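# Structure at a glance
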There are 2 protein chains.
Amino acid sequence: MADFLHFCNQFSPLNQEAMEELFENLKIKHFQKGDYLLKIGEVCKHLYFINEGLTKTFFIKDDKEFINVFGIENRLFTVFESYVTQTPSNFNVIALEPTTITLISYSEMDKLCKKHHGAETFFRKLASLAATKMTRRISEILEENATERYNLFVKENNQILQRINLGDLASYLGITQQSLSRIRAKK
Amino acid sequence: MADFLHFCNQFSPLNQEAMEELFENLKIKHFQKGDYLLKIGEVCKHLYFINEGLTKTFFIKDDKEFINVFGIENRLFTVFESYVTQTPSNFNVIALEPTTITLISYSEMDKLCKKHHGAETFFRKLASLAATKMTRRISEILEENATERYNLFVKENNQILQRINLGDLASYLGITQQSLSRIRAKK
DNA sequence: AGTAGTTTTTATCATTTGGTAAAAAATTGC
DNA sequence: GCAATTTTTTACCAAATGATAAAAACTACT
């Protein structure tokens, strides 16, 4: 809880009243490895702040899995389109480890946004940051080949690298596990 | 101007006062084919609403061009990261045709956001939509091969297809022009 | 230690895409 | 209409990645 408070203050401070209202409505939930936080077709009703653990957000097409994003400790994420429009999700989210999550519900956030200008600012910043990160990822995928993308991931995600298996990393990079294994062997 | 008003009302209506304040500070600018709206290294100081014409947002790496997005009539766009953080842009933006643009300055939007809750909402929605679109594009790039991405582009952008040359389309798809030509020949 | 299950690596061949070069077609300016 | 320029296509070979299969390495459980 302290971590989430810290995160909020760092990211976009809310006033006392909004902060209290937000914290009154937080829920904490535990997931075992393999548990679903969200399934394709369900509406994503929460922002997820990871206190501890690791998640992946993914979908499957033609028996191949594609990972959109890993959920990492002390970061806030959601399935954006589903959350924002409250329509069925195109992504599954599951826990890759025993995971503890602080949940912020859509209805609560929505209420808060309408009531407090600062909450709206908070969410605007969150969406902006998401858009920025996505843009970078698109550039990366287009301009770098798989080897370079792998190296970049290693450089920027050293903290979680040991906790992600090769198959999942390959799914994130958009290549087969065999290709990734080959890439690593070449070094 | 009427188009932009219509766009705003559709997208996220502002109250009378905010709307008037916004419209007082709009500027309209004309660009010739090949003119730069923004160069890499400059700070993106505007939201761009395209009244007429077509633009591309791109960067170059190893002599290869990569297009992030095409700017299309009656759509609002910007170089997100640069605009939001007011730091130097990693992208160029140029006009592909004679283009008329309604400009909304950062400082004005910022003022408006601080003053009017509704403007903040407007911008939150804009950022959310951007993030959503980016997520879709990432999924697309990862899951579809070049042929399928080309087919998808044709289906969804028929309106501007004739106005984009093959080289630019290839740059958007992330492949060489020769590959794209080959893909089209196969059909 | 041994078995079963999972993860990673290796191998082989097919397919896709890239790099380079050049020809063909279309567009522009005079 | 013709020359110059730009855009698109074709061709050939190289490199990257995919598909499939199987072996090897690692993990968990008893």
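Residues numbered from 1 in each chain as written. Chains lettered and ligands numbered in written order. Predicted model: local features only at pLDDT ≥ 70, side-chain atom pairs only at ≥ 80, totals over all residues. Heavy atoms only, no water.

## Quick word on the protein's contact with DNA strand D
Heads up, the rule is: Whether a residue is near a molecule or strand depends on its heavy atoms: if one lies within 4 Å, it is near. Between N or O atoms, a polar contact is any pair within 3.5 Å; within protein, one atom must be a potential hydrogen donor and the other a potential acceptor, and residues adjacent in sequence are included only when both atoms are from side chains. Think of it this way: any DSSP run of H or I at least four residues long counts as a helix, any run of E at least two long counts as a strand, and we number them from the N terminus. Classes in brief: Ala, Val, Leu, Ile, Met, Phe, Trp, Tyr, Cys and Pro nonpolar; Asp, Glu, Lys and Arg charged; the others, Gly included, polar.
Not every one of the 17 residues close to DNA strand D is listed here, only the nearest: A:Ala146, A:Ser179, B:Leu166, B:Gln177 and B:Arg184. B:Leu166 places a polar main-chain atom, nitrogen or oxygen, 2.6 Å from a phosphate oxygen of DNA strand D. Elements with a minimum of two residues in the surface near DNA strand D: α9 (177-186) of chain A together with α8 (166-173) and α9 (177-186) of chain B. Here the surface near DNA strand D gets 6 residues from one element, more than from any other, and that element is α9(B). The class makeup of the residues in the surface near DNA strand D is 4 nonpolar, 10 polar and 3 charged.

## Details of the relation of the copies chain B and chain A
The criterion, for reference: All copies are superposed by least squares; the fitting set is the C-alpha atoms of residues with a pLDDT of at least 70 in both. Should any heavy atoms of two residues lie within 4.5 Å, those residues are counted as being in contact.
Relative to chain A, chain B is turned by 180° and slid 0.0 Å along the rotation axis, the superposed coordinates differing by an RMSD of 0.0 Å. Such a combination of rotation and displacement between the chain copies is what one expects of a two-fold axis. The overlap is high: 100% of the interface residues of chain B also sit at the interface in chain A, so the same surface is used on both sides.

## Focus on α8(B)
Residues and elements named next belong to chain B. What counts here: Each residue's exposure class comes from its accessible area (1.4 Å probe, protein chains only) as a fraction of the maximum for that residue type: buried when under 20%, exposed when over 50%, partly exposed otherwise.
Where burial is concerned, most of α8 is hidden: 7 out of the 8 residues are buried. For α8, the full list of buried residues reads Gly167, Asp168, Leu169, Ala170, Ser171, Tyr172 and Leu173. Where α8 begins, one side-chain oxygen reaches toward the backbone nitrogen of Gly167, 3.1 Å away; that side chain belongs to Asn165. Positive phi shows up at Gly174, right after α8, with a value of about 85°.

## Re empty space enclosed by the protein
Residue and element names in this part refer to chain A. Quick note on the threshold: A pocket, in this scheme, is an open set of points on a 1 Å grid over the protein atoms alone with protein on both sides within 12 Å along at least 5 of 7 lines, while a cavity is a set where a 1.4 Å probe fits but cannot get out; residues line either one if an atom lies within 4 Å of a point. Grid points are joined across faces, edges and corners, and a volume is the space filled by probe spheres set on the points.
By the definition in use, this model includes 1 cavity of 30 Å³ or more. Space inside the largest cavity adds up to approximately 30 Å³. Lining the largest cavity are Phe4, Leu22, Leu47, Leu76, Ile104, Met109 and Phe122. Residues that form the lining of the largest cavity fall into these classes: 7 nonpolar, no polar and no charged.

## Remarks on the environment of B:Ile141
Along the polypeptide, B:Ile141 turns up in helix α5 (residues 117-143). B:Ile141 gets classed as buried once you look at its relative accessible area, which sits at 11%. Taking the C-alpha atoms as reference points, B:Ile141 and B:His6, 135 residues apart in sequence, are found 32 Å from one another. When near neighbours in sequence (up to four residues on either side) are disregarded, B:Ile141 contacts A:Ile138, A:Ile141, A:Leu142 and B:Arg149.

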